[in-house]
Amino acid sequence: MLDVFSDNSALLGGAIIGLSACFMMLFYGRITGISGIIWNVIQTPKKHFSSSGFFLCGIILGALCVTYISGAEISPIQSNAFTIILAGLLVGYGTKLGSGCTSGHGICGISRFSTRSIVATVLFMLSGITTVYVMRHLV
Amino acid sequence: MSNKMPHNTNLKTGFLYLLCGALFGAGLSLSGMTDQNKVLGFLDLFGSWNPSLIFVMAGGISVTFIGYKIIFKRSSPLWADAFMLPTSKLIDKNLVLGALLFGIGWGLYGYCPGPAIASLAYLHWETFLFVAAMIIGMFLQSKQAAYTENKALNPL
């Protein structure tokens, strides 16, 4: 299953994500956690456009650039609206309750050896693996 | 945070956040995190496991680990007064339950928050639906937390 191109771009992509997290820490002293950044944008009063809003726009812009250069169009997987909504609700509720997601806990937290983040990352990986197992092999 | 900053830094701040976001989004897209098939393949440990996303974490953590080590030698960040790091060490019910629920949602549809936002770039209605539901999920948790706190303060 090893795919050299895919693994190299995964490594490079991960390193670029890490670079972004380093810049945020160097300039602003902040953890780069996307669930927290999204919540920040929601909480910002209407007439202000928060710096977090710039970050989210940047994410879309960055993804757009890579897709434009690589020409690889990515379509969402086949699913029904119920599953999509349920998944979205769980991701939103869970990351807010657990104070972080793959970026805040998985990358930034583990990088500073935060016990909470290591525990959270192990747990959401295990629960993700279990969910995929149930959906693909049991249901 | 922006309130504490002098007005003349706002443009600079906005630009840096946009740039960091763009790096982040480019990294997500390049690494395959926006490809749900890859993500679900990675989580399908007992099926046709696709290990490539291990390398995203490896790349991300090694750069961040080394970068943070160098950055934390400074007494403060360049454009802010102090490092704002989470201080809680508590492994509590919220952390555990939150992580478990998040994992279920991630395994159901293959999006975590960052890649979901990045995938808005591809303009598919499914992604917009997911992001809307995700925001509602955050709202529900916040409302519930406020309700629980209020009830603890004013028990009837």
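For the structure given in this document, a descriptive report is provided here. What you see is a predicted model, and the numbers here were worked out from it, not measured in a lab.

So, about the nonpolar core. Counting 58 residues, the largest nonpolar core has I34, F55 and I59 of chain A together with W106, I117, F130 and M134 of chain B as the members making the most contacts within it. Broken down by element, the residue count for this core peaks at 7 residues, all from helix α4 (residues 93-109) of chain B. Excluding residues that lie within four positions of it along the chain, I34 of chain A makes contacts with F55, L56, I59, C101 and S103 of chain A together with F24, P113 and G114 of chain B. Counting 7 residues, the second-largest nonpolar core is a separate cluster that includes A21 of chain A together with Y68, I71 and F83 of chain B.

Below, the discussion takes up the interface of chain B and chain A. Each partner contributes residues to the interface: chain B has 105 residues there, and chain A has 99 residues. At the boundary of chain B with chain A, total buried surface from both sides reaches about 9,800 Å², with 78% on carbon and sulfur atoms. Ranking the residues of chain B by area buried against chain A places Y17, F24 and Y68 of chain B at the top, with a combined share of 8%. Among the ionic pairs, D92 of chain B bridges to R116 of chain A, the shortest N-O distance being 3.6 Å. Joining chain B to chain A, the criterion identifies 18 residue pairs in polar contact (both at pLDDT 80 or more). For the side of chain B that touches chain A, the secondary structure elements donating two or more residues are α1 (10-31), α2 (36-43), α3 (54-71), α4, α5 (113-119) and α6 (125-153) of chain B. Residue classes in the side of chain B that touches chain A are distributed as 68 nonpolar, 30 polar and 7 charged.

Examined against the element boundaries, T121 of chain A turns out to sit in helix α6 (residues 115-138). Sequence-distant contacts of T121 of chain A, that is, excluding residues within four places in its chain, are made with H105, G106 and I110 of chain A together with M57 of chain B.

Glancing now at α6 of chain A. Here α6 of chain A is 24 residues long and its end C-alpha atoms lie 33 Å apart, about the 34 Å a rise of 1.5 Å per residue gives. Three or more residues of α6 of chain A are buried, namely R116, S117, A120, T121, L123, F124, M125, S127, G128, I129, T131 and V132 of chain A. Where α6 of chain A is buried, its residues meet α5 (102-111) of chain A together with α2, α3 and α4 of chain B.

The subject of this paragraph is the environment of V96 of chain B. Turning to its location among the elements, V96 of chain B is positioned in helix α4. When its relative accessible area of 28% is taken as the criterion, V96 of chain B is described as partly exposed. Separated by 21 residues in the primary sequence, V96 of chain B and I117 of chain B place their C-alpha atoms 24 Å from one another. Beyond its immediate sequence surroundings of up to four residues, V96 of chain B is in contact with L123 of chain A together with I91 of chain B.

Right, let's talk about a nonpolar patch on the surface for a bit. The grouping of Y133, V134, M135, L138 and V139 of chain A together with L45, F46, W49 and I54 of chain B at the surface amounts to a nonpolar patch, some 860 Å² of accessible area in total. Ranked by the residues each element gives to the nonpolar patch, the list is headed by α6 of chain A, at 4 residues.

For the rest of this paragraph, the subject is the pattern of salt bridges. Enumeration over the complete set of coordinates arrives at 2 salt bridges over all chains. Across the salt bridge formed by D44 of chain B and R136 of chain A, the nearest N and O atoms sit 3.0 Å from each other. Linking D44 of chain B in the loop between α2 and α3 with R136 of chain A in helix α6, this pair reaches from one chain into another.

What counts as what
- Per-chain numbering applies: the sequence of each chain, read as written, is numbered from 1 onward.
- Chains carry letters from A onward and ligands carry numbers from 1 onward, assigned in written order.
- Reporting of local features is limited, given that this is a predicted model, to residues whose pLDDT is at least 70; pairs of side-chain atoms are given and counted only at 80 or more, and all residues count toward the totals for whole chains, interfaces and linings.
- As a convention, hydrogens and water are excluded, and side-chain values are obtained from all of the structure's heavy atoms.
- In this description, a nonpolar core means a group of buried Ala, Val, Leu, Ile, Met, Phe, Trp, Tyr and Cys residues linked to one another through side-chain atoms lying within 4.5 Å.
- Burial classes: relative accessible area under 20% of the type maximum marks a residue as buried, over 50% as exposed, and values in between as partly exposed (1.4 Å probe, protein chains only).
- Only DSSP runs of H or I reaching four residues or more are called helices, and only runs of E reaching two or more are called strands; each is numbered from the N terminus.
- Residue contacts are defined here by distance: any two heavy atoms, one from each residue, within 4.5 Å place the two residues in contact.
- Accessible area that two parts lose when put together, with a 1.4 Å probe and added across both, is what the buried area reports.
- By definition, a salt bridge exists where a carboxyl oxygen of Asp or Glu is found within 4 Å of a side-chain nitrogen of Lys or Arg.
- Two N or O atoms form a polar contact when they lie within 3.5 Å of each other; inside protein one atom must be a possible hydrogen donor and the other a possible acceptor, and for residues adjacent in sequence the pair counts only when both atoms belong to side chains.
- Classes in brief: Ala, Val, Leu, Ile, Met, Phe, Trp, Tyr, Cys and Pro nonpolar; Asp, Glu, Lys and Arg charged; the others, Gly included, polar.
- Helix span, as expected, comes to 1.5 Å for every residue beyond the first.
- By definition, no residue in a patch forms a salt bridge, and every one has over 30% relative accessible area; like charges are joined within 9 Å, nonpolar side chains (Val, Leu, Ile, Met, Phe, Trp, Tyr) within 5 Å.
- In this description, accessible areas are obtained by the Shrake-Rupley approach with a 1.4 Å probe, and a residue is regarded as covered only by the protein chains that are shown.

As far as function goes, none of this settles anything; it's purely spatial.
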